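Now for the letters of each chain:
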Amino acid sequence: MSERFYLTTPIYYPSDHLHIGHAYTTTVADSLARWHRFAGRDVYFVTGSDEHGQKIQRAALAKGVSPQAYVDEIVASFKGLWEKMNIEYDDFVRTTDDRHHRAVQAVFQKIYDQGDIYKSSYEGWYCTPCETFWVESRLEDGHCPDCKRPVELVEEESYFFRLSKYAPRLLEYIEEHPEFIQPETRRNEMVNFIKSGLEDLCVSRTTFDWGIPVPIDEKHVVYVWFDALTNYLTALGYPEQGELMEKWWPADLHLVGKEIMRFHTIIWPIMLMALDLPLPKTVFGHGWLLFDSDKMSKSKGNVVDPLVLIAEFGVDPIRYFLMREVSFGQDGNFSRKALIERTNADLANDLGNLLNRTLSMLDRYFSGIVPEPAASPNAIDQALIDHANSLGDAVDASLRQYKLNDALVKIWQLIGRANKYVDERAPWNLAKLDDKSELASVMYNLVETLRIVALTIKPFLPETGEKMWQQLGLTDLAAKSLSDVKWGLLPAGTKTAKGDPMFPRIEVEKEEPAKETQKKAEAKKPAAPVQEKPEGVVIGIEDFLKCELVVAEIMEADPIKGADKLLKLQVDIGSEKRQIVAGIAQHYAPSDLVGRRIIVVKNLKPAKLRGELSEGMLLAATSPEGTLELVSVSQAIPAGSRVK
Ligand code: MSP
């Protein structure tokens, strides 16, 4: 029987529309689910909406609609967002579903019947935005220690759940199961919280009615967290002990944000202990996605709407950014600038160029048809082959430890390796040889690497994986699995179909965030007219002599922050030192340039590029594959020598 994997996201409050922080958890869950399916595991992936409680009731009231009408509209937008983001869940639990109503009442009744729920009265503090009860000693200056907002004094008759009774058993369980709470820092926080003393939990409310009635006392509605946590069982048909419960419980992974770890690692396991059900294998508490280092929240006005981003950049750049930029478990920053830079560097340059240049060369040398790899591999080929062959297992190992960004780094290391391979094996030189067998092997190796990249990328970036597959001329992607991430399965004779670049570069000047007013103003300036490059025009010698070409020695070379194509060079042109800004950063490392003697146009009108003065222009030639070489002279020619 294949290994099974049941994973869940939190069920989101439809008190408002979702922002990019919510999309973060769900994107991670979806990629994990897709990966495990791809690895041949049996996967069940559940998400949903947490629709009851005081917060929702108040929001509906403020809008003048019924709570049900209010949540129906917002939940529809959740589903629309997940569809747009290519989230493939197996079930969506709404806490207003009848099946959930039944599950919650059954849970409450069972725990009540065995004496772990009792009636008393509550007098204490309540944070409505977090739907959390607080004892006075945990408040911070009279505010909620989690969201820092004011709390309200609540006095009402309530049912209580005997959390305190189960605390020793829970501590023991946590100690014996180090994989239960991850990452480790969160485990320590939770252990300290439990050790500082657990109060019995209030599990019913009477001052509003938007909730599931307590089965033994209809004046009360079930506390919204007790209600919400049960969704993980609702999806399996609880209270029926049917096939679903048998097959999927206990869950393998509850993915949650760090602020709701307490509910998932204290209240939820104690509910399960009281129900005599096994505990989930892992609750992983990830960090927050911050906006300019601050938590996103509607009241701060810094929420980022994923739909707006998708409309502008497409889905996969967003999915990629969320998983690549943030080390899973820790907080990470979202900014438009970082999103654009990531997209340009990793998707447009590294991945997009590899696909494009490979398929262009294949078109040129083999009419787009994958050749037989005729020559036996040399050491460089073998290194690429070994790297590609080990990728599937390496990514699987990272994902089993929930290290999503590590997994992507591993894929991009192979992409980087393949780009370097193009330069090292220089197919354009091999194409000049009469014997084309080595060229055939090199081209095969490149397309085969791309096939392996497409397969491993697809669970993270479904659209990109599919587009690559299509351009590679391959079929039947849906039927492929981790066992296909193995070198040599690409059939020779495959007819590729090079398409448009998958990720056109985003011009940063036009895409600065609204906040950065100066750059925005710059972006509004009319673009400089594109210089025509006339070809076939005959000029006289007097025209050529107007152009003062001299030998220059590069003294220093430095990157320019925020401009990944440009380098800033300090050059000696004999008579003086000059600064030249050149678009060569993707072809030369600064350290490789110092000491070179190059040719520059000395009498070109100075210009400013990215705020840096450029006093001249260097000469370079570009190969059909897009590699660039500086026009240079040997050390025998001193700086300042005229070129004519
Ligand atoms: N309804 C509860 C969860 C009940 S689960 C049984 C809830 N809902 S929520 O709508 O507030 O969503 C909380 C979850 O959204 C977080 O735990 C986290 O997974 C995700 N995020 C919300 N904002 C986030 C960020 N800024 N960054 C990362 N994740 C964030 O709590």
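Residues numbered from 1 in each chain as written. Predicted model: local features only at pLDDT ≥ 70, side-chain atom pairs only at ≥ 80, totals over all residues. Heavy atoms only, no water.

> Looking at this structure, I do not really get the site of the ligand. What am I missing?
Near the ligand there are 23 residues, and of these Ile-11, Tyr-13, Thr-25, Asp-50 and Leu-289 occur at the shortest range. Take Ile-11: an N or O atom from its main chain is 2.8 Å from a nitrogen atom of the ligand. At 2.6 Å from a nitrogen atom of the ligand is found a side-chain nitrogen or oxygen belonging to Asp-50. Within the complex, the protein chains bury 95% of what would otherwise be the 670 Å² of accessible surface of the ligand. Every element with two or more residues in the shell around the ligand is listed here: β1 (4-12), α1 (20-38), α7 (224-229) and α8 (231-234). (Near = heavy atom within 4 Å. Polar contact = N/O pair within 3.5 Å; in protein donor to acceptor, adjacent residues only side chain to side chain. Areas by Shrake-Rupley, 256 points an atom, 1.4 Å probe, with all protein chains shown as cover. Helix = DSSP H or I, 4+ residues; strand = E, 2+ residues; numbered from the N terminus.)

> Could you clarify how one ought to interpret the pairing of strand β11 (residues 217-222) in this entry?
Regular strands have side chains that alternate between both faces of the sheet. Pairing analysis gives 2 bridges linking strand β9 (residues 204-205) to β11, with the strands arranged antiparallel. Residue pairing across strands places Ser-204 opposite Val-222, the latter belonging to β11. In this sheet, β11 lies alongside strand β10 (residues 213-214) in antiparallel orientation, the contact comprising 2 bridges. Paired with Val-214 across the bridge in β11 is Asp-217. In this structure, the hairpin formed by β10 and β11 is closed by a connection of 2 residues. (Pairing = 2+ DSSP bridges.)

> Would you explain unusual backbone geometry in this entry?
Negative phi is the rule for most residues except glycine; trans is the rule for most peptide bonds. Here the amide bond leading from Tyr-238 into Pro-239 is cis, since omega sits at 10°, within 30 degrees of zero. Along the chain, the position of Pro-239 falls in the loop between α8 and α9 (243-248). Its identity as a non-glycine residue notwithstanding, Ala-426 has a phi of 30°, on the positive side. Within the secondary structure layout, Ala-426 lies in the loop between α15 (404-425) and α16 (427-430). Its identity as a non-glycine residue notwithstanding, Asp-476 has a phi of 65°, on the positive side. Residue placement: Asp-476 occurs in the loop between α18 (462-471) and α19 (517-524). Classification of Asp-476 by relative accessible area gives exposed; the value is 52%. (Buried < 20%, exposed > 50% of the residue type's maximum accessible area, 1.4 Å probe, protein only.)

> Help me understand the packing of aromatic side chains in this model?
By convention here, two paired aromatic rings are described through the distance between centres and the angle between planes. Counted by the stated rule, this structure contains 26 aromatic pairs. Geometrically, the ring pair formed by Trp-35 and Phe-460 is tilted, given 6.3 Å between the ring centres and 40° between the ring planes. Residue Trp-35 is found in helix α1, and its partner Phe-460 is found in the loop between α17 (437-457) and α18; the two are separated by 425 residues along the sequence. Both residues of the pair, Trp-35 and Phe-460, count as buried. Taking the ring centre of Phe-193 as reference, the NZ or CZ of Arg-138 above it sits at 3.7 Å. (Phe/Tyr/Trp six-rings, centres within 6.5 Å; stacked < 30°, edge-to-face > 60°. Lys NZ or Arg CZ within 6 Å of the ring centre and 35° of its normal.)

> For this particular structure, what's the right way to read the sheet that holds β10?
Paired through their backbone hydrogen bonds, the strands of a sheet run either parallel or antiparallel. An order of β9-β11-β10 is seen for the 3 strands of this open sheet, with the pairing classed as antiparallel. Of all the strands in the sheet, the pair left with one neighbour each is β9 and β10.

> Which parts of the structure should I look at to understand the environment of Leu-404?
Within the secondary structure, Leu-404 sits in helix α15. Separated by 373 residues in sequence, Leu-404 and Ser-31 have C-alpha atoms that sit 8.8 Å apart. In this structure Leu-404 touches Val-28, Ser-31, Leu-32, Met-323, Phe-328, Leu-399 and Phe-460, once residues within four positions along its chain are discounted. (Contact = heavy atoms within 4.5 Å.)

> Got a minute to help me understand the sheet that holds strand β5 (residues 132-134) in this structure?
The strand order β5-β4-β6-β8 describes an open sheet built from 4 strands, whose pairing is antiparallel. Of all the strands in the sheet, just β5 and β8 (201-202) have a single pairing partner and so form its edges. As paired elements, strand β4 (residues 117-127) and β5 share 3 bridges and run antiparallel to each other. Residue pairing across strands places Cys-127 opposite Thr-132, the latter belonging to β5.

> Explain the packing of helix α6 (residues 184-195) against helix α10 (residues 261-274) to me, please; I cannot follow it from the model alone.
What describes two packed helices is the angle between their axes and the distance between those same axes. Put simply, α6 and α10 touch, their axes get as near as 11 Å, and they point 55° apart. It follows that α6 is oblique to α10 by the angle criterion. The handedness of the crossing between α6 and α10 is right-handed. Residue-level inspection shows Arg-186, Met-190, Phe-193 and Ile-194 of α6 in contact with α10, the latter providing Met-261, Arg-262, Thr-265 and Ile-266. Looking at the contact of α6 with α10, its residues break down into 5 nonpolar, 1 polar and 2 charged. (Axes fitted to C-alpha atoms, helices over the stretch in contact; angles between N-to-C directions. Parallel < 35°, antiparallel > 145°, perpendicular 65-115°, else oblique. Left-handed = near helix turned anticlockwise from the far one by under 90°. Nonpolar A, V, L, I, M, F, W, Y, C, P; charged D, E, K, R; others polar.)

> Looking at this structure, I do not really get helix α11 (residues 306-313). What am I missing?
One turn of an α-helix holds 3.6 residues; hence residues three or four places apart share an orientation. Among all positions in α11, only Pro-306, Leu-309, Ile-310 and Phe-313 are buried. Buried residues along α11 cover an arc of 100° about the axis, so they all sit on one side. Next to the buried residues of α11 lie α1, α3 (67-84), α12 (315-325), β16 (332-334) and α13 (336-366). Taking the backbone nitrogen of Leu-307 as reference, a side-chain oxygen 2.8 Å away marks Asp-305 as the first, capping residue of α11. (Arc of directions from axis to C-beta.)

> Would you mind going over the domain arrangement of the protein chain with me for this structure?
Note: interface size is frequently given as the accessible area lost on complex formation between the parts. Splitting the protein chain by domain gives domain 1 (348-484) and domain 2 (533-633). Placing the centre of domain 1 and that of domain 2 at their C-alpha centroids yields a distance of 33 Å. Buried surface at the junction of domain 1 and domain 2, summed over both partners, amounts to about 460 Å²; 47% is from carbon and sulfur atoms. The interface formed by domain 1 and domain 2 includes 0 salt bridges. Where domain 1 packs against domain 2, one counts 0 residue pairs in polar contact (both at pLDDT 80 or more). Examining the composition of the side of domain 1 that touches domain 2, we find that 5 residues originate from one element, α13, more than from any other. (Domains from an automatic or database assignment. Buried area = accessible area lost by both parts, 1.4 Å probe. Salt bridge = Lys/Arg side-chain N within 4 Å of Asp/Glu carboxyl O.)

> Just checking my understanding: could you explain the environment of Ile-340 for this structure?
Considering the arrangement of structural elements, one finds Ile-340 in helix α13. Each C-alpha atom, one on Ile-340 and one on Leu-255, is 27 Å from the other, the two residues being 85 residues apart in sequence.

> I'm lost on the pattern of salt bridges in this one. Help?
When the charged atoms of two side chains with opposite charge come close together, those side chains can pair. Taken as a whole, this structure holds 41 salt bridges when the rule is applied. Lys-165 is the salt-bridge partner of Asp-116, the closest N and O atoms lying 2.6 Å from each other. Pair noted here: Asp-116 is in the loop between α4 (98-113) and β4 and Lys-165 is in helix α5 (residues 163-176), with a separation of 49 residues, a long-range link. With relative accessibility at 48%, the residue Lys-165 sits in the partly exposed group. Look at the salt bridges and you will find they share partners, linking Asp-30, Arg-34, Arg-37, Glu-88, Asp-90 and Arg-319 into a network.

> Honestly, the pairing of β4 in this entry has me stumped. Any pointers?
Two elements, β4 and strand β6 (residues 152-161), share 10 bridges in a ladder whose sense is antiparallel. Across the sheet, the residue bridging to Ser-121 is Glu-157, located in β6. Where β4 hands over to β5, the hairpin turn is made up of 4 residues, of which Glu-131 adopts a positive phi near 50°.

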